[in-house]
Amino acid sequence: MDALLTTKEHDEARQGEAFAPFQSSLDTTTKKFYIESYGCAMNFADSEVVASILGEQGFGAVTEPALADLILINTCSIREKAEATVRKRLTEFKKFKRSRPGVVVGVLGCMAERLKGTFLEEEKLVDIVVGPDAYRSLPGLIEEAYGGQKGVNVLLSRDETYADIAPIRLNSNGVTAFVSIMRGCNNMCSFCVVPFTRGRERSRNAASIVSECEALFNDGYKEVTLLGQNVDSYYQAPQQQGVDEAISFAKLLEMVALISPDLRVRFSTSHPKDITDDVLFTMKKYDNICNYIHLPVQSGSSRILQLMNRTYSREWYLAKVDRIREILPDCGLSTDMITGFCTETEEDHQASLSLFDYCKYDLAYLYYYSERPGTLAARRFEDDVPLETKKRRLQELVDLYRGHSLVSMQKEVGKTFKVLAEGFSKKSDEQLQGRTDQNKVVIFDKGQHKKGDYVNIKITHCTAGTLFGEVIN
Ligand code: SAM
Ligand code: SF4
Ligand code: F3S
């Protein structure tokens, strides 16, 4: 078991298992592609860029690999388990290649970047391997692959942001969308493979971000989530913009919020060292910027945080949480935490538990440490905490967190929230499901409402994961 709690990766992987076709192309194209995505939201957003690049070449998306001429898998390397899942899936793809030898199979994303050409030796059925900054080269590589030539492009770039490519929305609910605002990461958290698979941090041109969000709103979307590994370090210098003023993340948030009060704005992920008061005050100023911050902590022990190279201490993190609650008293707060990092003692673990007690997160993504080849931690430290200890500590955190999340949900009972309906609930087409501003899931009887509507809901009862309520007119 990789994580005892629902993880973003697993959630999103499930959502991404079979992408919906982009309708306009289906009947008119000769070639079909199937894409399956794993990993973080940024990888899912990248698959939409890939769909756009392929759409330009006349490829139409299908939802079944059995129907495709081109099968792509957009991969994640964050933990060993994520890579094992991809390898298993590739084995399953063998049958399509056996029954239709002309089918081309491509590996994209972070695992492609990490393993490069060795993928072609290890996985014989793979024809092309393309890293996150090389998707523009896909058409050429695909053409060569149809001619029988295998190909690799894993060049990382200092300036590629795909700013000019309008993503084709895949598996979309038509209400919420991800918008990438930057790529790469300049932090060197010692446990993390991302700086190696995604390269240097670079910010996308602000005007292209705003126009993508405007286009989404004009197409009926009601919520955008601005994505980056460290959104608070978004920065465009004046000379990059051709305007006088530099654009910080706070400024960008404001620009997107001003598109329309009916467009909700979310963002992820914030790094505790970089989130500024300016961002918090911008959130306070605009009702449509959702009151929710994902603020990964990784450990509650300053000693471990230093080994992780997170560049803040426990005290710094807690002061940041206090500041958020001072400026935004109703703000939803979530985190990521890793148990069993190198040298972690019971005392360090107790510090993580007590930090959870203090922060009382609404949502937490919890993992045990998985050593990744090539990272600073793999090179410098021994992965010395036994697996059963890592898992036991993870379970203790999960138990504590579940108690907190139940209390956090219970305190909403009796209150009324503006909920954006995103679609039917999983159990019934008579019920709609949406989220509050603070990112809590709400289910209610649909009545006259439909997805995309903002609906005022009075909360009547809850579980640890879901609020239930009724429409207030
Ligand atoms: N950039 C974000 C940040 O700094 O928090 C998120 C990075 S990563 C895509 C998502 C989460 O995966 C991290 O916050 C961390 O908790 C977890 N993670 C990263 N590397 C890991 C590893 N080697 N073992 C276990 N969990 C890991
Ligand atoms: Fe990884 Fe740290 Fe960058 Fe997040 S901030 S992607 S954890 S290196
Ligand atoms: Fe995974 Fe790459 Fe995202 S390693 S979490 S897909 S940046």
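Definitions and limits used
- Residues numbered from 1 in each chain as written.
- Chains lettered and ligands numbered in written order.
- Predicted model: local features only at pLDDT ≥ 70, side-chain atom pairs only at ≥ 80, totals over all residues.
- Heavy atoms only, no water.
- UniProt positions renumbered as here; feature names shortened; annotations may be inferred.
- Helix = DSSP H or I, 4+ residues; strand = E, 2+ residues; numbered from the N terminus.
- Rg over C-alpha atoms; globule rule 2.2 N^0.38 Å.
- Buried < 20%, exposed > 50% of the residue type's maximum accessible area, 1.4 Å probe, protein only.
- Contact = heavy atoms within 4.5 Å.
- Patch = residues over 30% accessible without salt bridge, like charges linked within 9 Å, V, L, I, M, F, W, Y side chains within 5 Å.
- Areas by Shrake-Rupley, 256 points an atom, 1.4 Å probe, with all protein chains shown as cover.
- Salt bridge = Lys/Arg side-chain N within 4 Å of Asp/Glu carboxyl O.
- Lys, Arg positive; Asp, Glu negative; His and termini not counted.
- Charge placed at Lys NZ, Arg CZ, Asp CG, Glu CD.
- Pairing = 2+ DSSP bridges.
- Axes fitted to C-alpha atoms, helices over the stretch in contact; angles between N-to-C directions.
- Near = heavy atom within 4 Å.
- Nonpolar A, V, L, I, M, F, W, Y, C, P; charged D, E, K, R; others polar.
- Domains from an automatic or database assignment.
- Expected span 1.5 Å × (residues − 1).
- Core = buried A, V, L, I, M, F, W, Y, C linked by side-chain atoms within 4.5 Å.
- Right-handed = clockwise from strand over helix to strand, strands pointing away.

The protein chain has the name tRNA-2-methylthio-N(6)-dimethylallyladenosine synthase in an unreviewed UniProt entry, where Ferruginibacter yonginensis is given as its organism. Here the protein chain is described in UniProt, under the heading Subunit (unreviewed entry), as follows: "Monomer." Turning to the protein chain, the UniProt record has this under Sequence similarities (unreviewed entry): "Belongs to the methylthiotransferase family. MiaB subfamily."

Draft legend 1. Main features of the overall build of the protein chain. Across its full length, the protein chain holds 17 helices and 21 strands. Compactness check: the protein chain gives a C-alpha radius of gyration of 22 Å against a globular reference of 23 Å for 473 residues, within 12% of the reference. Across its three principal directions, the C-alpha atoms of the protein chain cover 60 × 60 × 50 Å. The 473 residues of the protein chain split such that 58% are buried. Relative to all contacts within the protein chain whose residues are 6 or more apart in sequence, the contacts with residues 24 or more apart total 72%.

Draft legend 2. Highlighting a negative patch on the surface. A cluster of acidic residues, Asp429, Glu430, Asp445 and Glu470, forms a negative patch at the surface. Structurally, aspartate 445 can be placed in strand 19 (residues 441-445). Residue classification places aspartate 445 among the exposed residues on the basis of a relative accessible area of 52%.

Draft legend 3. Expanded view of the sheet that holds strand 2 (residues 59-61). Taken together, the six strands give an open sheet; going across it, the order is 2-1-3-4-5-6, and neighbouring strands pair in parallel fashion. In this open sheet, the two edge strands, each paired with only one partner strand, are strand 2 and strand 6 (151-153). Geometrically, the sheet is characterised by an average inter-axis angle of 20 degrees between neighbouring strands, direction not taken into account. Across the sheet, helix 3 (residues 41-56) is in contact with strand 1 (31-37), strand 2, strand 3 (70-75) and strand 4 (104-109); its angle to strand 3 comes to roughly 155 degrees.

Draft legend 4. Just the site of ligand 3, in detail. By nearness alone, every residue bordering ligand 3 is listed as Gly39, Cys40, Asn43, Cys76, Ser77, Ile78, Cys110, Val194, Arg198 and Gln229. Residues of the shell around ligand 3, tallied by class, amount to five nonpolar, four polar and one charged. There are two domains that each give the shell around ligand 3 at least three residues, and those are domain 1 (3-11 + 28-153) and domain 2 (176-410).

Draft legend 5. Focus on the pattern of salt bridges. Per the counting criterion, the structure on display carries 35 salt bridges. A salt bridge links glutamate 212 to arginine 204, with the shortest nitrogen-to-oxygen separation between them at 2.7 Å. Each member of the pair, glutamate 212 as well as arginine 204, is classed as buried. Taking the shortest distance from any N to any O, the salt bridge between glutamate 344 and arginine 393 comes out at 2.9 Å. A residue pair is termed long-range when its members are at least 10 positions apart, and glutamate 344 in the loop between strand 15 (332-339) and helix 15 (346-359) and arginine 393 in helix 17 (residues 387-410) qualify at 49 residues. In this structure, a network of salt bridges that share partners links the residues Asp46, Asp133, Arg183, Arg198 and Arg202.

Draft legend 6. Up close: helix 14 (residues 314-327). In a regular helix each residue adds 1.5 Å, so 14 residues correspond to 20 Å; helix 14 covers 20 Å between its end C-alpha atoms and thus fits that length. Residues of helix 14 that are buried include every one of Arg314, Tyr317, Leu318, Lys320, Val321, Ile324 and Ile327, and no others. Residues of helix 14 that are buried make contact with helix 12 (277-285), strand 14 (292-294), helix 13 (302-307), strand 15 and helix 15.

Draft legend 7. Structural context of the side chain of serine 352. With respect to the helices and strands, serine 352 occurs in helix 15. The exposure class of serine 352 is buried, given its relative accessible area of 2%. Excluding anything up to four places from it in sequence, serine 352 contacts Ser299, Gly300, Met337 and Leu397.

Draft legend 8. Just the sheet that holds strand 15, in detail. Taken in spatial order, the three strands line up as 14-15-16 in an open sheet, and their pairing is parallel. Strand pairing shows two members of the sheet lacking a second neighbour, strand 14 and strand 16 (363-368), which therefore form its edges. Neighbouring strand axes in the sheet, compared pairwise and without regard to direction, differ in orientation by 10 degrees on average. Looking at chain direction, strand 14 and strand 15 are connected through three bridges and run parallel. Its bridge partner lying in strand 15, histidine 294 is registered against serine 334. The strands touched by helix 15 are strand 15 and strand 16; relative to strand 15, the strand with the most contacts, the crossing angle is about 175 degrees.

Draft legend 9. Fine view of the nonpolar core. Grouped together as the largest cluster of nonpolar side chains are 68 residues, with contacts concentrated most on Leu226, Phe249, Phe267, Met283, Ile293 and Tyr317. If you tally residues by element for this core, the top one is helix 11 (residues 249-257), at six residues. When neighbours within four sequence positions are excluded, phenylalanine 249 is seen to be in contact with Ile181, Leu226, Val231, Asp232, Tyr234, Phe267 and Val279.

Draft legend 10. Representation of the environment of methionine 182 within the structure. Of note, methionine 182 is situated in strand 8 (residues 182-183). In this structure, the C-alpha to C-alpha distance between methionine 182 and arginine 204, residues 22 residues apart in sequence, is 5.2 Å. Sequence-distant contacts of methionine 182, that is, excluding residues within four places in its chain, are made with Glu201, Arg202, Ser203, Arg204, Leu227, Gly228, Asn230, Val231, Ser233 and Tyr234.

Draft legend 11. Structural detail: the pairing of strand 4. Burial within strand 4 is extensive, with six of its six residues counted as buried. As paired strands, strand 3 and strand 4 are joined by six bridges and run parallel to one another. Across the sheet, the residue bridging to asparagine 74 is leucine 108, located in strand 4. Since strand 3 and strand 4 lie parallel, the crossover through helix 4 (residues 80-99) that links them has a hand, and here it is right-handed. Relative to strand 5 (residues 128-130), strand 4 is paired through three bridges, and the arrangement is parallel. If you follow glycine 106 over to strand 5, its bridge partner there is isoleucine 128.

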